[in-house]
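# Results of the structural survey
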Amino acid sequence: MLKIENLEKSYGSFKVLKGLNMTVNKGDVYGFLGKNGCGKSTTMNIVSNIITKDSGAVRFGKEDIKIGYLPESPAMFDYMNGYEYLEYIAACCKYKGDVKVRINEVLTLTGMLEGGKRRIKGYSRGMNQRLGIAATIFNNPDLLILDEPTSALDPQGRAEVMNIITELAKTGTTIILCTHILSDVERVANRIGIVRDGVMAVEGDIEEIRKSFEEKSKKFVLTVFGDSSQVINAVAEITDGNFAYDEKTGEITIPVLPSENEEAKAKQILEALLQKRIVPDSFALSRKSLEEIYLETIG
């Protein structure tokens, strides 16, 4: 759907993009991540042809691609109601189908069928975002770009917007989701790209990336309810003090060295605990969260 090669862009003497490479496949929900100022919005503005690149290539899977772009803070005519605004959008994109039918479709999908009758001036932030998504998908884009679609929303508003993204993904729409809310990305994305200092630092299938990071630093996490001091003393003896204890969660973390066999070590730890009459309430090889992967990547 989209392939970016060696993309560069400067603002005066400040170079934002320093040879960015990026691949978005058809049907992807792609989490586009990075710190503020790393070049995410600049990249999306170039892809959307809002600004020009300095050098590099932006290639699409087909020539007549339609792109829908929802900026972080969409500006709307607040004297209109939702229906009137979408009629305006239909005219702007020269929609060739039945406009009234399409308006009802996108308002239904975004949960704005009733809200569309109200003036935009009285909308909440969540309603603004939902109407913005309705406008962005009005002309059935091949590629949908959402820049911080859940920023400043309460938990309910965030959940509503994420449900909309999930429903759009089911229709096969390719989506690029730019956000700092990593739990949202974990919920809907199948691929991610993390930008650091104007280049792509990590990109790929989210589960494959997770697996590669877990291979670098495996660890067991166990919990035992009851006398924590007894458990800590036992684990300290078993591991020669090579463990960590979290007082808030009650979790004990034991690292697995690259030279160690994880199954053999798990068996050794459990057998040693049982010999001391300690039965863990939980014991598992921990999984890397996207937050851990992100923080390790950006430093």
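Heads up: these notes are all about the structure in this document. What you see is a predicted model; the values in this text were computed from it and never measured. (Residues numbered from 1 in each chain as written. Predicted model: local features only at pLDDT ≥ 70, side-chain atom pairs only at ≥ 80, totals over all residues. Heavy atoms only, no water.)

### What about the nonpolar core?
Core analysis: the biggest nonpolar cluster contains 46 residues, and Y85, L86, L131, I165 and I194 have the highest contact counts within it. Excluding residues that lie within four positions of it along the chain, I165 makes contacts with L146, P149, I175, L177 and V188. In this structure, L2, F32, I145 and M200 belong to the second largest nonpolar core, which totals 23 residues. (Core = buried A, V, L, I, M, F, W, Y, C linked by side-chain atoms within 4.5 Å. Buried < 20%, exposed > 50% of the residue type's maximum accessible area, 1.4 Å probe, protein only. Contact = heavy atoms within 4.5 Å.)

### Describing the packing of helix α7 (residues 206–216) against helix α10 (residues 290–298)
The interhelical angle for the contact between α7 and α10, taken along N-to-C directions, is 70°, at an axis separation of 11 Å. With respect to α10, the element α7 is oriented roughly perpendicular. Crossing handedness for the pair α7 and α10: left-handed. Every residue of α10 that contacts α7 at I206, I209, R210 and F213 is listed here: L290, I293, E296 and T297. (Axes fitted to C-alpha atoms, helices over the stretch in contact; angles between N-to-C directions. Helix = DSSP H or I, 4+ residues; strand = E, 2+ residues; numbered from the N terminus. Parallel < 35°, antiparallel > 145°, perpendicular 65-115°, else oblique. Left-handed = near helix turned anticlockwise from the far one by under 90°.)

### Let's talk about the sheet that holds strand β6 (residues 143–147)
Spatially, the 6 strands line up as an open sheet ordered β5-β6-β7-β3-β8-β9, and their pairing is mixed. Two strands close off the open sheet at either side, each with one partner strand: β5 (67–70) and β9 (199–205). Sheet twist, expressed as the mean angle between neighbouring strand axes with direction ignored, is 15°. Packed on one face of the sheet, helix α4 (residues 125–136) meets β5 and β6 and runs near 165° to β5. Sheet strands in contact with α7 are β8 (191–196) and β9, and its direction is about 105° off that of β9. (Pairing = 2+ DSSP bridges.)

### As for the pattern of salt bridges
Counted under the stated rule, the structure contains 17 salt bridges. In this structure, R102 and E105 form a salt bridge, with 3.0 Å as the shortest nitrogen-oxygen distance. Of this pair, R102 and E105 both sit in helix α3 (residues 99–109), 3 residues apart, which is roughly one turn of the helix. Classification of R102 by relative accessible area gives buried; the value is 10%. For E105, a relative accessible area of 42% corresponds to the partly exposed category. In this structure, K170 engages E167 in a salt bridge whose closest nitrogen and oxygen atoms are separated by 3.2 Å. Of the two residues, K170 and E167 are both situated in helix α5 (residues 155–170); the distance of 3 residues between them amounts to about one turn of the helix. Residue K170 is classed as exposed on the basis of its relative accessible area, which comes to 63%. Within this structure, D28, R191 and E203 form a network of salt bridges that share partners. (Salt bridge = Lys/Arg side-chain N within 4 Å of Asp/Glu carboxyl O.)

### Looking at the side chain of K40
Inspection of the secondary structure assignment puts K40 in helix α1 (residues 40–47). Looking at K40, its side chain comes within polar contact range of the main-chain oxygen of G34, at 2.9 Å. Setting aside chain neighbours within four positions, we find K40 in contact with F32, L33, G34, K35 and H180. (Polar contact = N/O pair within 3.5 Å; in protein donor to acceptor, adjacent residues only side chain to side chain.)

### Considering the sheet that holds strand β11 (residues 244–246)
In a beta sheet, neighbouring strands are held together by backbone hydrogen bonds and run either parallel or antiparallel to one another. Taken in spatial order, the 4 strands make up an open sheet running β11-β12-β10-β13, and their pairing is antiparallel. One side of each edge strand has no neighbouring strand; the edge strands of this open sheet are β11 and β13 (282–285). Direction aside, the axes of adjacent strands within the sheet are offset by 20° on average. Pairing between strand β10 (residues 218–223) and β13: 4 bridges, direction antiparallel. Note that in β13 the partner of L222 across the bridge is F283. Docked against the sheet, helix α8 (residues 228–239) engages β10, β11 and β12 (251–256), running at close to 10° with respect to β12.

### Structural notes on the packing of aromatic side chains
A complete count under the given rule lists 6 aromatic pairs for this structure. Ring geometry for Y30 against F32: centres 6.3 Å apart, planes inclined by 55°, an arrangement best described as tilted. Comparing Y30 with F32 shows no difference in burial state: the two are buried. Ring centres 5.1 Å apart and planes at 70° place the aromatic pair Y95 and F138 in the edge-to-face group. Taken together, the positions of Y95 in the loop between α2 (82–92) and α3 and F138 in the loop between α4 and β6 put the pair 43 residues apart, joining distant regions of the chain. A connected cluster of aromatic rings, assembled from ring pairs, spans F77, Y79, Y85 and Y88. (Phe/Tyr/Trp six-rings, centres within 6.5 Å; stacked < 30°, edge-to-face > 60°.)

### Quick word on the packing of α2 against α4
Direction vectors running N to C along α2 and α4 enclose 30°, while the axes themselves pass 10 Å from each other. One finds that α2 runs roughly parallel with respect to α4. Here α2 and α4 pass one another in a crossing that is right-handed. Each of G82, Y85, L86 and I89 in α2 lies in contact with α4, whose residues at this interface are L131, A134 and A135. When its residues are assigned to classes, the contact of α2 with α4 shows 6 nonpolar, 1 polar and no charged. (Nonpolar A, V, L, I, M, F, W, Y, C, P; charged D, E, K, R; others polar.)

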